[in-house]
Amino acid sequence: QVQLLESGGGLVQSGGSLRLSCAASGTFASINTVAWYRQAPGKERELVARLSSEGDATYVDSVKDRFTISRDNAKNTVYLQMNSLKPEDTAVYYCNVNARLWSETIQRTYWGQGTHVTVSS
């Protein structure tokens, strides 16, 4: 299995910055695509940013030029640097990875427990 531990959420004023971290542990052979999703109150979960194993990053339009997704393969950790935060960025942020276990030949999707981000105006 793969366990994902997120950290870095909290309360920040509009215009501020936060960096979310997602550390993966477990018996996996490889981690491939990683991503961050968010879910605001009363809304559906949406994809915020995705990073392929080749290093290709994509972002939802609302966070382009403000958020940056990155990964440290040596530490099995995914990051989301969030700058120029706005109140509409308030949500629970979830880490998402596609990984392959040593005992399997297929990839599976794993989710973190979520970390709260609140941006005050």
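See the structure shown above.
In this text the structure is predicted, and so the values were computed from the model without any measurement. (Residues numbered from 1 in each chain as written. Predicted model: local features only at pLDDT ≥ 70, side-chain atom pairs only at ≥ 80, totals over all residues. Heavy atoms only, no water.)

A. Examining the sheet that holds strand S8 (residues 77–82) more closely. A sheet is described by the order of its strands in space; here four strands give the open sequence S1-S3-S8-S7, paired in antiparallel fashion. Looking at strand neighbours, the two that pair on one side only are strand S1 (2–7) and strand S7 (67–72), the edges of this open sheet. The average angle at which neighbouring strand axes cross in this sheet is 15 degrees, direction not considered. The sheet contact formed by S1 and strand S3 (residues 18–26) spans six bridges and is antiparallel. Along S3, the bridge assignment pairs Ser7 with Ser21. (Pairing = 2+ DSSP bridges. Helix = DSSP H or I, 4+ residues; strand = E, 2+ residues; numbered from the N terminus. Axes fitted to C-alpha atoms, helices over the stretch in contact; angles between N-to-C directions.)

B. View of unusual backbone geometry. One non-glycine residue, Asn76, lies in positive phi territory at about 50 degrees. Looking at the element boundaries, Asn76 is found in the loop between S7 and S8. The backbone phi angle of Ser84 is positive, close to 50 degrees, even though this residue is not glycine. Positionally, Ser84 belongs in the loop between S8 and strand S9 (91–101).

C. The arrangement of the environment of Arg100 in detail. Residue placement: Arg100 occurs in strand S9. Considering only alpha carbons, one finds Arg100 and Gln1, 99 residues apart in sequence, at a separation of 9.1 Å.

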